Amino acid sequence: MQEISSLKGIGKIRSEQFLKKGIKTVSDLLNYYPRDYEDRSNARDIADCISGEDVLIKGIVLTPVKENRIRKNMVLYTMTVGDDTGIISMTWYNNRFVKNGFKMGEEFVFFGKINPKSRKKEMINPLYERVGKEKFMGKIVPVYPLWANMTQKVIQSAMAEAIKLKGDIEEYLPKEVILENGLCSIDEAIENIHFPKSFDDFFKARERLVFEELLFLQLALMYKREENEEIKREPFRDIKCVVEFLDKLPFEMTNAQKRCTKEILLDLKKDKPMNRLIQGDVGSGKTAVAAATMYVAVKNGYQTAIMAPTEILATQHYETFLKFFEKTDIKICLLTGSTKGKKALYEKIASGEIDIIIGTHAIIQDSVSYHNLGLVIADEQHRFGVSQRAKLTNKGEGVHTLIMTATPIPRTLAFILYGDLDISEIDELPPGRKQVLTYAVGEEMRERIDAFIDKNVKLGAQCYVVCPLIEETQSGDIKNATDLSIRLSKKFPQYRVGLIHGKMKASEKDDVMNAFANGEINILVSTTVIEVGVNVPNATMMVIENAERFGLSQLHQLRGRVGRGNEQSYCIMFCQGTSEIMKKRMTIMCKTNDGFVISEEDLKLRGPGDFFGTRQHGLPEMKIANLFKDMKIMKKAKASAEKIISADKALLNQENQGILRKIKEMFDDNIALN
Ligand code: ADP
Ligand code: MG
């Protein structure tokens, strides 16, 4: 389709600005949906304007624009406007363009907020258009997500041009799907998602677009599942050998761990590759389940690999596994970016001398080739893209895949969203775990919290202090790790305070982490690098600075670093600000330790758009669908997808070609469709 530079008003500079958001063609632009709408359809009488509201009024300019310099860099422009019912002042800050924009007696429409702080009726920084020349007044107007130097007006104008120019967009959904689900056409949907004539039009447009997005997601997953079904492999001969491993395990597995292990082992007995997801809250003991599975793989003569998202985590797995497999002849290696003597290691991996490979992304590099790889495990899956997983699986033929996630989502949602995977849940914590007592506090509690840290550390506990930033930035309010470690070192000269953050070299991080794990550091100040997986049972305290900066799931992940032993653990969240959403988050954190509940609440609290914007959930990023609130449409889309796939497994039929093309466009990077 045409480049957006073909649109009126879009020159080279604007094109480049759009390109920053990946918008290159008119079609890309049309697929950039509003995040909200302003109802500028009906003008309000000035007498009826209520303070604090966004309103549209139509009025006559009664005075010239007055210029008023109130301080350096601050010029106020004001004028008075009236209609049959009253008068109102219009005020702009530093907008010299308004100076010559009006003539007395002319009629304009204005849109803006009625200043709640002003005693007289006043609209602040209103948008305006001359009556008779309205473009974005007198209608419902889209509000787009902005970026860098982009403004609403530029996007709105470009979009209006694009709509004019687009012609009839060709329908790609099969007729039957449209009819059965009562959807509007894609052409209508695109027009009305940007410039709906009524909110009813908008709802219809949105429903169509949400439906197709969810339909494509479902279809892609089902298509992939079908593809997986085709692959055959040799079943594992012996899965009973798992008991040898369980006998050596220093603890008894929980029932949930046992059930999960059993589900996995039954997969391994089949003649097709496993594709299974393990959902388990932080601390539920996923590592032991992984190790049991890997033991069975090795005993069946296969090599097996586990990939962790960070060096720290890979190293920790390595140490755990060395202990688990201490009294066996199984050979284990660690392979990360900073591993020395890689070449020799590669040879040992390729020859099959090594049975279990533990590492980071380093283990999927092209230079690593495996010997009879039978099982791969991806830990803390949300950090890996689907394509990285695929890269690991492709290291062998018909490889069994296990994915472990510590950000569990409710089962109903998981079923739909991980349609290409079988799901197991570890919904039980090892015995003896106590709830992490969690408190949200303000700055006024600083002294008391310091005293609390002192008391606990004196008794031998270790403490994490987590903050959002590494070094000082402009925003002075936000605690940074470096400053904080200096403050704590001064405050507690008797304790050893460590610092760890993502900008440190891997080897430095390892040193600090090891020192903390060995109890040589009492208080560890860190950024979110410790978010995933790290296990130091003696650390029973966590202080989170600027907790308002973290999402719910992230807070839960962080908190999961404590409460890993049998001692009572504490999590103190310092937070600032008064936002409702922040208060809700804090309340939920203080109330529950259950990861399933927390992620559900997290999904509810996020607005549309940023819903899965964060990769915390490892779920696909949705453009318009709200996976939680659009459950009803989701069910319809799922039913529709099932029907399509059952009639045409490979999407070869003529009427499904549009769908196939769309799925490929959407998921080319994510889902391996051929
Ligand atoms: P996660 O699911 O977060 O990866 P881990 O596998 O790291 O959790 O396990 C957390 C801690 O619980 C580890 O110290 C582990 O040894 C311990 N653990 C796991 N399973 C059990 C169990 N069944 N009984 C007692 N402790 C267990
Ligand atoms: Mg783990």
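Residues numbered from 1 in each chain as written. Chains lettered and ligands numbered in written order. Predicted model: local features only at pLDDT ≥ 70, side-chain atom pairs only at ≥ 80, totals over all residues. Heavy atoms only, no water.

Q: What exactly am I supposed to notice about the nonpolar core here?
A: Within soluble globular proteins, side chains that are nonpolar tend to cluster in buried spots. Ranked by internal contacts, the top residues of the largest apolar core, which has 73 residues, are Phe 18, Leu 29, Leu 214 and Leu 215. Looking at which domains feed residues into this core, each of domain 1 (1–38 + 146–167) and domain 3 (242–426) supplies at least three. Membership of the second largest hydrophobic core comes to 42 residues, among which are Ala 290, Ala 291, Ala 292 and Leu 313. (Core = buried A, V, L, I, M, F, W, Y, C linked by side-chain atoms within 4.5 Å. Buried < 20%, exposed > 50% of the residue type's maximum accessible area, 1.4 Å probe, protein only. Domains from an automatic or database assignment.)

Q: I tried to follow the site of ligand 1 on my own but got confused; where do I start?
A: The environment of ligand 1 is formed by 16 residues, the closest being Gln 257, Gly 283, Thr 287, Arg 433 and Asn 535. When the residues that make up the shell around ligand 1 are grouped by side-chain class, the tally is 4 nonpolar, 7 polar and 5 charged. (Near = heavy atom within 4 Å. Nonpolar A, V, L, I, M, F, W, Y, C, P; charged D, E, K, R; others polar.)

Q: Looking at this model, I keep getting lost on the pairing of strand β18 (residues 497–500). Mind explaining?
A: A regular strand carries its side chains on alternate faces of the sheet. Because side chains alternate across β18, one face comprises the buried residues Gly 498 and Ile 500, and the other comprises Val 497 and Leu 499, none of which is buried. Pairing of β18 with strand β19 (residues 523–526), which is carried by 4 bridges, proceeds in the parallel orientation. Its bridge partner being in β19, Leu 499 is matched across the sheet by Val 525. (Helix = DSSP H or I, 4+ residues; strand = E, 2+ residues; numbered from the N terminus. Pairing = 2+ DSSP bridges.)

Q: Help me out: how do you make sense of helix α5 (residues 186–194) in this one?
A: Within an α-helix, residues lying three or four positions from one another point in the same direction, as the helix has 3.6 residues per turn. With 7 of 9 residues buried, α5 is to be regarded as a mostly interior element. Residues Ile 186, Asp 187, Ala 189, Ile 190, Asn 192, Ile 193 and His 194 constitute the buried set of α5. The elements touched by buried residues of α5 are α2 (26–30), β1 (36–40), β8 (139–143), α3 (152–165) and α6 (199–230). (Contact = heavy atoms within 4.5 Å.)

Q: Could you clarify how one ought to interpret the packing of helix α17 (residues 552–559) against helix α18 (residues 580–591) in this entry?
A: The angle between the axes and the distance between the axes are what describe a pair of packed helices. Relative to each other, α17 and α18 sit at 35 degrees, their axes nearing to 10 Å. Note that α17 runs across α18; the crossing there is right-handed. For the pair α17 and α18, the contacting residues are Leu 552, Leu 555, His 556 and Arg 559 in the first and Arg 585, Met 586, Ile 588 and Met 589 in the second. Residues belonging to the contact of α17 with α18 are distributed by class as follows: 5 nonpolar, 1 polar and 2 charged. (Axes fitted to C-alpha atoms, helices over the stretch in contact; angles between N-to-C directions. Left-handed = near helix turned anticlockwise from the far one by under 90°.)

Q: Just checking my understanding: could you explain the domain arrangement of the chain for this structure?
A: When the parts come together, some accessible area is lost, and that loss is often what is quoted as the size of the interface. Examined at the domain level, the chain breaks down into domain 1 (1–38 + 146–167), domain 2 (42–138), domain 3 (242–426) and domain 4 (437–592). The C-alpha centroid of domain 2 is placed 28 Å from the C-alpha centroid of domain 1.

Q: Honestly, the sheet that holds strand β14 (residues 400–405) in this entry has me stumped. Any pointers?
A: Pairing between the strands of a sheet comes from backbone hydrogen bonds, and it takes one of two forms, parallel or antiparallel. Spatial strand order, β11-β12-β10-β13-β14-β9-β15: 7 strands in an open sheet with parallel pairing. Every other strand in the sheet has two partners, leaving β11 (332–335) and β15 (422–426) as the edge strands with one partner each. Adjacent strand axes in the sheet meet at a mean angle of 20 degrees when their direction is disregarded. Sheet analysis places β11 next to strand β12 (residues 356–359), joined by 4 bridges and oriented parallel. Bridge pairing links Leu 334 to Ile 358 in β12. Helix-sheet contacts for helix α8 (residues 255–268) involve β9 (275–280), β14 and β15, and the interaxial angle to β15 is about 155 degrees.

Q: Just checking my understanding: could you explain a nonpolar patch on the surface for this structure?
A: On the surface, Ile 60, Leu 62 and Ile 87 cluster together into a nonpolar patch covering about 260 Å² of accessible area. Following the sequence through the fold, Ile 87 ends up in strand β5 (residues 86–93). (Patch = residues over 30% accessible without salt bridge, like charges linked within 9 Å, V, L, I, M, F, W, Y side chains within 5 Å. Areas by Shrake-Rupley, 256 points an atom, 1.4 Å probe, with all protein chains shown as cover. Salt bridge = Lys/Arg side-chain N within 4 Å of Asp/Glu carboxyl O.)

Q: What am I meant to see in the pattern of salt bridges here?
A: Oppositely charged side chains can form a pair if their charged atoms are brought close together. Tallied over the full model, the rule gives 30 salt bridges. With a shortest N-O distance of 2.9 Å, Lys 166 and Asp 187 are connected by a salt bridge. Within this pair, whereas Lys 166 is found in the loop between α3 and α4 (175–180), its partner Asp 187 is found in helix α5, the two being separated by 21 residues in sequence. Between Asp 422 and Arg 225 there is a salt bridge; the shortest N-O distance is 2.8 Å. Of this pair, Asp 422 sits in strand β15 while Arg 225 is found in helix α6, placing the two residues 197 residues apart along the sequence. Overall, the relative accessible area of 27% leaves Asp 422 in the partly exposed class. Each of the salt bridges in this network shares a partner with another, and the network as a whole consists of Glu 263, Asp 267, Lys 270 and Arg 276.

Q: Where do I start with the packing of α8 against helix α9 (residues 286–299) in this structure?
A: Running from amino to carboxyl end, α8 crosses α9 at an angle of 30 degrees, the nearest separation of the two axes being 10 Å. Our classification of the angle between α8 and α9 gives roughly parallel. Considering the relative orientation of α8 and α9, their crossing is right-handed. Across the interface between the two elements, Gln 257, Thr 261, Ile 264, Leu 265 and Leu 268 from α8 touch Ala 288, Val 289, Ala 292, Thr 293 and Val 296 from α9. Residues belonging to the contact of α8 with α9 are distributed by class as follows: 7 nonpolar, 3 polar and no charged. (Parallel < 35°, antiparallel > 145°, perpendicular 65-115°, else oblique.)

Q: Got a minute to help me understand the packing of aromatic side chains in this structure?
A: Aromatic ring pairs are defined here through the distance separating the ring centres and the angle between the ring planes. Counted by the stated rule, this structure contains 25 aromatic pairs. Taking the centre distance of 5.2 Å and the plane angle of 50 degrees together, the rings of Phe 202 and Phe 203 count as tilted. By relative accessible area, Phe 202 is classed as buried at 12%. A centroid spacing of 5.5 Å and a plane angle of 40 degrees characterise the contact between Phe 245 and Phe 325, whose relative ring orientation is tilted. Taken together, the positions of Phe 245 in helix α7 (residues 242–248) and Phe 325 in the loop between α10 (311–324) and β11 put the pair 80 residues apart, joining distant regions of the chain. One exposure class covers both Phe 245 and Phe 325, and it is buried. These aromatic residues form a ring-pair network of at least three members: Trp 92, Phe 102, Phe 108, Phe 110 and Tyr 128. Sitting over the face of the ring of Phe 111, Arg 40 holds its NZ or CZ atom 4.7 Å from the ring centroid. Taking the ring centre of Tyr 302 as reference, the NZ or CZ of Arg 233 above it sits at 5.1 Å. (Phe/Tyr/Trp six-rings, centres within 6.5 Å; stacked < 30°, edge-to-face > 60°. Lys NZ or Arg CZ within 6 Å of the ring centre and 35° of its normal.)

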